[in-house]
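Descriptive structure summary
The residues making up each chain are set out below.
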Amino acid sequence: WISIPGTGIDYPVMQAVPESSDFYLTHNYDGEEDINGSIFLDSRNDYEQQDDNLIVYGHNMKSGLMFGELKDFLDEAFWREHKAITFNTIYEKAEYEIVAVCLAKVPQEGEEGFRYYDFINAGNEENFNNFLENMKKMNIMGEGMDISYGDKLLTLSTCNNYTEDGRLVLLAKKLSP
């Protein structure tokens, strides 16, 4: 379950199997077809073993449903007042702090470019730092990101029409219990 206090974002988080990874783009949590889709975890993520970066997707609905309210984070004052995210699984209850608000573009197939949505596990400190450097370039808040190797991350991703194939991405760091 994911919630961001002070917003309407308060939803169950689904996860499809890799063979149908985009199922929840068009289906609700009951598995019924729904234009709003669901909030869903990347099918490659392992929330039981806690990957370095859990990636959660949702539609940017004009009605404000799903991740429609994430666009409010483009306002620095709003972001400063709403940095907390609660993400609970059957294995743990966790709090995260939003450390970056990023605008990204999804590169076309074969096109060079940074693909934030492919960062699941770093494997080593160099890969982790490379991811952070690329995220810093996309961070529109211009503040240093208080993240270091070993931190567990949560990435919220939704569409944003600032450019073709644009994305609005919130990067959050897990807080110690």
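It should be noted that the structure appears before, not after, this text.
This section reports on the structure supplied with the text.

**Observations regarding the nonpolar core**
Among the nonpolar cores identified, the biggest contains 27 residues, and Leu 70, Phe 73, Ile 85, Leu 154 and Leu 156 are the most heavily contacted of them. Excluding its chain neighbours within four sequence positions, the residues that come into contact with Ile 85 are Ile 2, Ser 3, Ile 4, Ala 94, Glu 95, Tyr 96, Ile 98, Leu 154, Leu 156 and Ala 172. Counting 26 residues, the second largest nonpolar core, distinct from the first, contains Val 99, Ala 100, Ala 104 and Met 145.

**What to know about unusual backbone geometry**
Peptide bonds are mostly trans, and most non-glycine residues show a negative phi. You will see that Gln 50, though not glycine, has its phi angle at about 60°, which is positive. Among the structural elements, Gln 50 can be located in the loop between strand E4 (39–41) and strand E5 (53–57).

**Things to note about the layout of surface pockets**
Estimates place the volume of the largest pocket at around 360 Å³. Around the largest pocket, the lining comprises 17 residues; the ones closest to its centre are Leu 25, Phe 40, Tyr 57, Ser 157 and Arg 167. A total of three residues in the lining of the largest pocket trace back to one element, the largest contributor, which is strand E8 (residues 153–159). When grouped by side-chain class, the residues that make up the lining of the largest pocket number seven nonpolar, six polar and four charged. Approximately 170 Å³ is the volume found for the second largest pocket. Residues of the lining of the second largest pocket, tallied by class, amount to two nonpolar, three polar and two charged.

Analysis parameters
- Residue numbers restart at each chain and count upward from 1, following the sequence in its written direction.
- With pLDDT at 70 or above as the cut-off, local features in this predicted model cover only qualifying residues; side-chain atom pairs require 80 or more to be listed or tallied, and sums for whole chains, interfaces and linings still use all residues.
- Working from all heavy atoms in the structure, the side-chain values ignore hydrogens and water.
- What makes a nonpolar core is a set of buried Ala, Val, Leu, Ile, Met, Phe, Trp, Tyr and Cys residues whose side-chain atoms join them at distances within 4.5 Å.
- Only protein chains enter the accessibility calculation, which uses a 1.4 Å probe; a residue is then buried when its area is under 20% of its type maximum, exposed when over 50%, and partly exposed in between.
- Only heavy atoms enter the contact rule, under which two residues are in contact if any of them lie within 4.5 Å.
- Secondary structure elements follow DSSP: runs of H or I of four or more residues count as helices, runs of E of two or more count as strands, with numbering from the N terminus.
- Buriedness of a pocket was judged along seven lines, with at least five required to meet protein on both sides within 12 Å; pockets are open sets of points on a 1 Å grid over the protein atoms alone, cavities are sets where a 1.4 Å probe fits but cannot get out, and lining residues have an atom within 4 Å of a point.
- Grid points are joined across faces, edges and corners, and a volume is the space filled by probe spheres set on the points.
- Nonpolar residues are Ala, Val, Leu, Ile, Met, Phe, Trp, Tyr, Cys and Pro. Charged residues are Asp, Glu, Lys and Arg, and all others, Gly as well, are polar.

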